[in-house]
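Close look at the chain arrangement
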Amino acid sequence: MYIKICGITKLDQARAIAQMGADALGFICVPSSPRYISTNTIGQIIFSLTKSQSEQFVDLDLIGVFLNTSTAEICHAMESSGLNAVQLHGDESPEFCDRLRSQLDLINPQIKLIKALRVKDRAGLERAKLYSDIVDVVLLDAYDPQIAGGTGKAIDWQMLRDFCPNCDWWLAGGLSPENVAEAIALTSPQGLDVSSGVELSAGDKDLDRVKRFITSVKEYS
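Residues numbered from 1 in each chain as written. Predicted model: local features only at pLDDT ≥ 70, side-chain atom pairs only at ≥ 80, totals over all residues. Heavy atoms only, no water.

The name given to the protein chain in an unreviewed UniProt entry is N-(5'-phosphoribosyl)anthranilate isomerase, with Pseudanabaena biceps PCC 7429 as the source organism. Taken verbatim from the UniProt record of the protein chain, the Catalytic activity (unreviewed entry) comment is "N-(5-phospho-beta-D-ribosyl)anthranilate = 1-(2-carboxyphenylamino)-1-deoxy-D-ribulose 5-phosphate". Taken directly from UniProt, the Pathway (unreviewed entry) text for the protein chain runs: "Amino-acid biosynthesis; L-tryptophan biosynthesis; L-tryptophan from chorismate: step 3/5." (UniProt positions renumbered as here; feature names shortened; annotations may be inferred.)

Below, the structure written as structure tokens:
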């Protein structure tokens, strides 16, 4: 089971979480977010991680999370920071994702493209499927009319029982060490994305909760 810990802002926490066995670290490239981290700081963290030859760091997905950002800005951030995956968390259309995919391929065809969607009903699930032939991963997050992510709210997991797009899909929204086993049992995603459920405060991870989350996932799956 793929595990992404999102909202990373500190080098020591990034290193510790990678050593615990997370598959991906998420960095919020959205200035309005309380978990925002500049491209320059992301680059410093990534440089510190990747200069180590540890297998945990070499194989780590380093994901930049963007919200209604231009393709030019995203590509510049990818080239300048060392990020190797893009997550779109705004109102980006399938056509936008297709254009971005073409531009990212010019930088590195191995860059992973993830489209997050805030789902509140079955119509949202049908919309998510429109992206599944374009992106590598569809990420389903809880709907909030004001906040794009990191809300601590959960989707109706029962609604996701039969969700089966043409690409991998990850579950986000309201996950925690206490409920992640139930979430996996009900929804059977290929990956999990957690942020607020393993935090002391926005952008400050509770490493004990991160460890418990990862252990719960690995024990269940």
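A look at the overall build of the protein chain
Secondary structure assignment for the protein chain yields eight helices and ten strands. By the compact-globule yardstick of 17 Å for 221 residues, the protein chain fits well, its C-alpha radius of gyration being 16 Å. Here the C-alpha coordinates of the protein chain stretch approximately 45 × 40 × 30 Å along the principal axes. For the protein chain, the residues scored as buried account for 52% of the 221 residues in total. Sequence separation of 24 or more characterises 59% of the internal contacts of the protein chain that already satisfy a separation of 6 or more. Here the protein chain has roughly 9,900 Å² of accessible surface; of this, 46% comes from carbon and sulfur atoms. One way to put it: in the protein chain the 21 positive side-chain charges average out to a point 3 Å from where the 29 negative ones average out. (Helix = DSSP H or I, 4+ residues; strand = E, 2+ residues; numbered from the N terminus. Rg over C-alpha atoms; globule rule 2.2 N^0.38 Å. Buried < 20%, exposed > 50% of the residue type's maximum accessible area, 1.4 Å probe, protein only. Contact = heavy atoms within 4.5 Å. Areas by Shrake-Rupley, 256 points an atom, 1.4 Å probe, with all protein chains shown as cover. Lys, Arg positive; Asp, Glu negative; His and termini not counted. Charge placed at Lys NZ, Arg CZ, Asp CG, Glu CD.)

A closer look at the side chain of Asn179
Structurally, Asn179 can be placed in the loop between strand E7 (168-172) and helix H7 (180-187). Dropping the residues within four chain positions of it, Asn179 is found in contact with Trp157 and Gly174.

Side note on helix H4 (residues 71-81)
All of the buried residues in H4 are Thr71, Ile74, Cys75, Ala77, Met78 and Ser81. Around the axis of H4, the buried residues are gathered within 160 degrees of arc, so they sit on the same side. For H4, the exposed residues lying more than 90 degrees away from the buried face are Ala72, His76 and Glu79. Against the buried residues of H4 lie helix H2 (39-50), strand E3 (61-66), strand E4 (85-88) and helix H5 (94-107). Directly after H4, the chain includes Gly82, whose backbone phi takes a positive value near 95 degrees. (Arc of directions from axis to C-beta.)

A look at the sheet that holds E7
Sheet strands pair by backbone hydrogen bonding; their relative direction is either parallel or antiparallel. If you walk around this closed barrel you meet the eight strands as E1-E2-E3-E4-E5-E6-E7-E8, and the pairing is parallel. If you compare each strand with its neighbour and ignore which way they point, the axes differ by 25 degrees on average. (Pairing = 2+ DSSP bridges. Axes fitted to C-alpha atoms, helices over the stretch in contact; angles between N-to-C directions.)

With respect to the packing of aromatic side chains
Counted under the stated rule, the structure contains two aromatic pairs. Geometrically, the ring pair formed by Phe163 and Trp169 is edge-to-face, given 5.3 Å between the ring centres and 85 degrees between the ring planes. Each member of the pair, Phe163 as well as Trp169, carries the same accessibility label: buried. (Phe/Tyr/Trp six-rings, centres within 6.5 Å; stacked < 30°, edge-to-face > 60°.)

Some words on the environment of Ile63
Position of Ile63 relative to the elements: it lies in strand E3. For Ile63, a relative accessible area of 0% puts it in the buried group. Expressed as a C-alpha distance, the spacing of Ile63 and Val86, which sit 23 residues apart in the sequence, is 5.4 Å. Dropping the residues within four chain positions of it, Ile63 is found in contact with Tyr2, Lys4, Ala24, Leu25, Gly26, Phe27, Leu83, Ala85, Val86, Gln87, Ile114 and Trp170.

Description of the nonpolar core
Core analysis: the biggest nonpolar cluster contains 61 residues, and Ile5, Val86, Leu140 and Phe213 have the highest contact counts within it. What Phe213 contacts, discounting residues up to four positions off in sequence, is Ile3, Ile5, Leu175, Ser176, Pro177, Val180, Leu192, Val194 and Val198. (Core = buried A, V, L, I, M, F, W, Y, C linked by side-chain atoms within 4.5 Å.)

A few points about the pattern of salt bridges
Once their charged atoms are close, side chains differing in charge can pair, the charge on each being opposite to the other. Counted under the stated rule, the structure contains eleven salt bridges. Across the pair Glu199 and Arg35 runs a salt bridge, and its minimum N-O distance is 2.8 Å. One end of the pair, Glu199, is in strand E9 (residues 199-201); the other, Arg35, is in the loop between strand E2 (24-28) and H2, with 164 residues separating them in the sequence. Residue classification places Arg35 among the buried positions, given a relative accessible area of 9%. Overlapping salt bridges bring together Arg35, Glu199 and Lys205 as one network. (Salt bridge = Lys/Arg side-chain N within 4 Å of Asp/Glu carboxyl O.)

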